[in-house]
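Chain by chain, the residues run as shown.
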Amino acid sequence: MKKLILALLLLAGPAFAVGLPSDMLPDPAQEQRARSIGRELRCMVCQNESIEESQASLARDLRLIVRERVAAGDSDQAVIRYIHDRYGDFVLLRPPFNLATLALWGMPVLALGAGLMGILLLRRRAATAEPAPLSPEEQARLAALEKDPTA
Amino acid sequence: MSLTSRRALMLAPLGLAVAGGAGFYGMLRGMGTGSYDPRGVPSVLIGRAPPDFTLPPLAGSGKPAFAAAELRDLPSPVLVNYWASWCVPCIIEHPQLMRLSREGVPVWGINYKDKPQDAGAFLTRHGDPFARLAADESGRVAIDWGVYGVPETYFIDRQGIIRWRWAGPVTPEVLDGDIRPLLRRYA
């Protein structure tokens, strides 16, 4: 019996999300949508967790607002816009492309460009590094040196 | 490749290191003086009017509450301060709020997720700087303002536009370095 209970508890483990069961929406499809929206939104208190993962009380408040909007029939975009209007770009875990995030999104392109440029420069140097053939005087001096290194 | 451009290329990493060092030094200095917070988040409300809201007064305080309508056409700029009795940094900033209120600067309080009796006890113990005092028990209005932790302080000019937001305690440095210049500028 004990083993059975333990097995059941272990099975139930993943179902324990951060939120209280009473906070969840009765409609599983809507709850699923609310969760996927919540995973896109940063918890402003802990900053490296989404509001779905966070224990902070503000994260719970925002989880409830997301569920309220979903239950009211808002689209995913409308719910995200509702939170974005209040907390700005920082609340989005996937930052939008705009002037302030230009450097962020442009960095891979810049890094790739710098790498390609480096390769090109190195190859050009290798191509031009072919030394000019020795002049007759140099050849004569080389021959002399080969015969007598002290010359 | 000419000699000068080769020399310039050799100096480029040095230049980058110097620029990076200067930037890093600036950040560290700012963190030391409190003018730069790496975890700080800009408010979307800067340059805008506060969101529409109405809140009840804090029970037992005897102070009038306020709504968005009261934050328009003001005789002087107003500081709106989100606080709670359970908030430790609020104790740190309290002397600065008291000072501002003694100097005649209107400080309007929004008591955040608090019990009225706890909030009242806090004000009895540390002093009451608030000209108006509203209670946001659920924290819903705070979310509309984009508040993500108490204390937070907003500077509202006479036209009712939010000019500045400070997330964290108002230290003497913030008072002298930010709030006083704002009061002069928007007087």
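Residues numbered from 1 in each chain as written. Chains lettered and ligands numbered in written order. Predicted model: local features only at pLDDT ≥ 70, side-chain atom pairs only at ≥ 80, totals over all residues. Heavy atoms only, no water.

The name given to chain B in an unreviewed UniProt entry is DsbE family thiol:disulfide interchange protein, with Teichococcus oryzae as the source organism. The UniProt entry for chain B carries the following text under Subcellular location (unreviewed entry): "Cell envelope". (UniProt positions renumbered as here; feature names shortened; annotations may be inferred.)

As recorded in an unreviewed UniProt entry, chain A goes by Cytochrome c-type biogenesis protein and comes from Teichococcus oryzae. UniProt lists a comment for chain A under the heading Subcellular location (unreviewed entry), and it reads "Membrane".

1. So, the side chain of E31(A)
Residue and element names in this part refer to chain A. Residue position: E31 is located in helix α2 (residues 28-38). On the basis of relative accessible area, E31 is assigned to the buried category, the value being 5%. Among the polar contacts listed, one links the side chain of E31 to the side chain of R67, at a separation of 3.0 Å. Discounting chain neighbours no more than four positions away, the residues touching E31 are M24, L25 and R67. (Helix = DSSP H or I, 4+ residues; strand = E, 2+ residues; numbered from the N terminus. Buried < 20%, exposed > 50% of the residue type's maximum accessible area, 1.4 Å probe, protein only. Polar contact = N/O pair within 3.5 Å; in protein donor to acceptor, adjacent residues only side chain to side chain. Contact = heavy atoms within 4.5 Å.)

2. Some words on the nonpolar core
Here is a general trend for soluble globular proteins: nonpolar side chains tend to be buried in one another's company. If you look at the biggest cluster of nonpolar residues, it comprises 72 residues, and the most contacted ones within it are Y87(A), L71(B), V80(B), Y82(B) and W145(B). Of all the elements, helix α3 (residues 57-71) of chain A adds the most residues to this core, at six residues. What W145(B) contacts, discounting residues up to four positions off in sequence, is L45(B), P50(B), P51(B), F53(B), L71(B), V80(B), Y82(B), Y154(B), I156(B) and I162(B). (Core = buried A, V, L, I, M, F, W, Y, C linked by side-chain atoms within 4.5 Å.)

3. Details of the environment of D114(B)
Residues and elements named next belong to chain B. Within the secondary structure, D114 is located in the loop between β2 (107-112) and α3 (116-126). Residues within four places of D114 in sequence aside, it is in contact with A84, S85, W86, A119 and E137. A distance of 2.6 Å separates a polar atom in the side chain of D114 from the backbone nitrogen of S85. A distance of 3.0 Å separates a polar atom in the side chain of D114 from a polar atom in the side chain of N111.

4. Structural notes on the layout of surface pockets
Residue and element names in this part refer to chain B. Of the voids in this model, the largest pocket is the one considered here, and its volume is about 690 Å³. In this structure, the largest pocket is lined by 29 residues; those nearest its centre are D37, G40, W166, A167 and G168. The residue makeup of the lining of the largest pocket, split by class, is 14 nonpolar, nine polar and six charged. (1 Å grid on protein atoms, 1.4 Å probe; cavity = no way out; pocket = protein on both sides within 12 Å on 5 of 7 lines; lining within 4 Å. Points joined across faces, edges and corners; volume = space filled by probe spheres on them. Nonpolar A, V, L, I, M, F, W, Y, C, P; charged D, E, K, R; others polar.)

5. Overview of the interface of chain B and chain A
The partner chain A presents 16 residues to the 14 residues of chain B that form the contact. Carbon and sulfur atoms supply 50% of the area that chain B and chain A bury against each other, a total of about 1,400 Å² over both sides. Area buried by chain B at its contact with chain A is led by R140(B), I143(B) and Y148(B), which between them contribute 37% of it. Linking chain B to chain A there are three salt bridges. The shortest N-O distance in the salt bridge between D144(B) and R86(A) comes to 2.7 Å. On inspection of chain B and its partner chain A, the count reaches five residue pairs in polar contact (both at pLDDT 80 or more). With four residues, helix α4 (residues 140-145) of chain B is the largest single contributor of residues to the side of chain B that touches chain A. (Buried area = accessible area lost by both parts, 1.4 Å probe. Salt bridge = Lys/Arg side-chain N within 4 Å of Asp/Glu carboxyl O.)

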